[in-house]
Amino acid sequence: MDKVFISQLHVDTIIGVYDFEKESKQSLYFDVEMLSDIKPAAVNDDINLALDYAKVSERIIEHSTAKPVELLETLVEQLAHIILTEFNTPQVTIRVSKPAAVAQAQTVGVEITRTKASI
């Protein structure tokens, strides 16, 4: 299998457990890897046969900003389910970074890998 990836997709959204986190948007950065057979799209030079990273990016932004959640864990599980069910990929790995969460760290975050069999 080949991989289609999105690196450092920036989304400003409300996320967090603490009251002060719910008052203003914070930056999140997403790295996403999706398994895909790119050969049909490549042979036919046809975007309709490709795993469209632009559409996946739009969907991540749309979902991440639509309804605030408290935990990164909740958000990445939701996004994994969306990507696996709405896009033609058998496996997705999502890493989300929240740079402002811990002052002493450059960034913190969560990474998961899910398959269609796990949803």
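A few points on the structure. (Residues numbered from 1 in each chain as written. Predicted model: local features only at pLDDT ≥ 70, side-chain atom pairs only at ≥ 80, totals over all residues. Heavy atoms only, no water.)

### Quick look at the overall build of the protein
- Counting its secondary structure elements, the protein contains three helices and four strands.
- In the protein, the order of α-helices and β-strands from amino to carboxyl end is β-β-α-α-α-β-β.
- Out of the 119 residues belonging to the protein, those deemed buried represent 36%.
- At a minimum sequence separation of 6, the contacts of the protein that also span at least 24 residues come to 60%.
- Here the protein has roughly 7,300 Å² of accessible surface; of this, 51% comes from carbon and sulfur atoms. (Helix = DSSP H or I, 4+ residues; strand = E, 2+ residues; numbered from the N terminus. Buried < 20%, exposed > 50% of the residue type's maximum accessible area, 1.4 Å probe, protein only. Contact = heavy atoms within 4.5 Å. Areas by Shrake-Rupley, 256 points an atom, 1.4 Å probe, with all protein chains shown as cover.)

### So, the nonpolar core
- In this structure, Phe 30, Val 32, Met 34 and Ile 94 are the most contacted members of the largest nonpolar core, which totals 26 residues.
- Of all elements in the fold, only strand E1 (2-13), strand E2 (26-36), helix H2 (53-66), helix H3 (72-86), strand E3 (91-98) and strand E4 (108-115) reach the threshold of two or more residues within this core.
- Considering every element that reaches this core, the biggest residue donor is H3, with seven residues.
- With residues near it in sequence (within four places) discarded, Phe 30 still touches Ile 6, Ser 7, Gln 8, Leu 9, Val 11, Ile 60, Ser 64, Leu 75, Leu 79, Ile 94, Arg 95 and Val 96. (Core = buried A, V, L, I, M, F, W, Y, C linked by side-chain atoms within 4.5 Å.)

### What about the side chain of Ser 36?
- Among the secondary structure elements, Ser 36 is positioned in strand E2.
- On the accessibility criterion, Ser 36 (7% relative accessible area) is buried.
- Setting aside anything within four residues of it in sequence, one finds Ser 36 in contact with Met 1, Asp 2, Lys 3, Val 4, Leu 51 and Asn 88.

### Quick look at unusual backbone geometry
- In the Ramachandran plot, Gln 8 falls in the positive-phi region, its phi being about 55° despite a non-glycine side chain.
- Here Gln 8 lies in strand E1.
- Although it is not a glycine, Asp 45 sits at a positive phi angle of roughly 50°.
- Inspection of the secondary structure puts Asp 45 in the loop between helix H1 (39-44) and H2.

### Some thoughts on the sheet that holds E4
- The strand order E1-E2-E3-E4 describes an open sheet built from four strands, whose pairing is antiparallel. Among the strands making up the open sheet, the edge pair consists of E1 and E4. Across the sheet, the mean angle from the axis of one strand to that of its neighbour is 15°, orientation sign disregarded.
- Docked against the sheet, H2 engages E1 and E2, running at close to 35° with respect to E1. (Pairing = 2+ DSSP bridges. Axes fitted to C-alpha atoms, helices over the stretch in contact; angles between N-to-C directions.)

### Topic: a nonpolar patch on the surface
- Taken together, Val 17, Tyr 18, Phe 20 and Leu 71 make up a surface patch of nonpolar side chains, about 420 Å² in accessible area.
- In this structure, Leu 71 sits in the loop between H2 and H3. (Patch = residues over 30% accessible without salt bridge, like charges linked within 9 Å, V, L, I, M, F, W, Y side chains within 5 Å. Salt bridge = Lys/Arg side-chain N within 4 Å of Asp/Glu carboxyl O.)

### Things to note about the packing of aromatic side chains
- Here the structure, examined in full by the defined rule, presents one aromatic pair.
- Ring geometry for Tyr 18 and Phe 20: centres 5.9 Å apart, planes at 5°, overall stacked. Phe 20 shares its class with Tyr 18; the two are exposed. (Phe/Tyr/Trp six-rings, centres within 6.5 Å; stacked < 30°, edge-to-face > 60°.)

### As for the pattern of salt bridges
- Within this structure, the stated rule accounts for seven salt bridges.
- Taking the shortest distance from any N to any O, the salt bridge between Lys 98 and Glu 21 comes out at 2.9 Å. Of this pair, Lys 98 sits in strand E3 while Glu 21 sits in the loop between E1 and E2, and the two are 77 residues apart along the sequence.
- Glu 86 serves as the salt-bridge partner of Arg 59, at 2.8 Å between the closest nitrogen and oxygen. Of this pair, Arg 59 sits in helix H2 while Glu 86 sits in helix H3, and the two are 27 residues apart along the sequence.
- Classification of Glu 86 by relative accessible area gives partly exposed; the value is 42%.
- One network of salt bridges, with partners in common, ties together Arg 59, Glu 62 and Glu 86.

In short, shape yes, function no, at least from these values alone.
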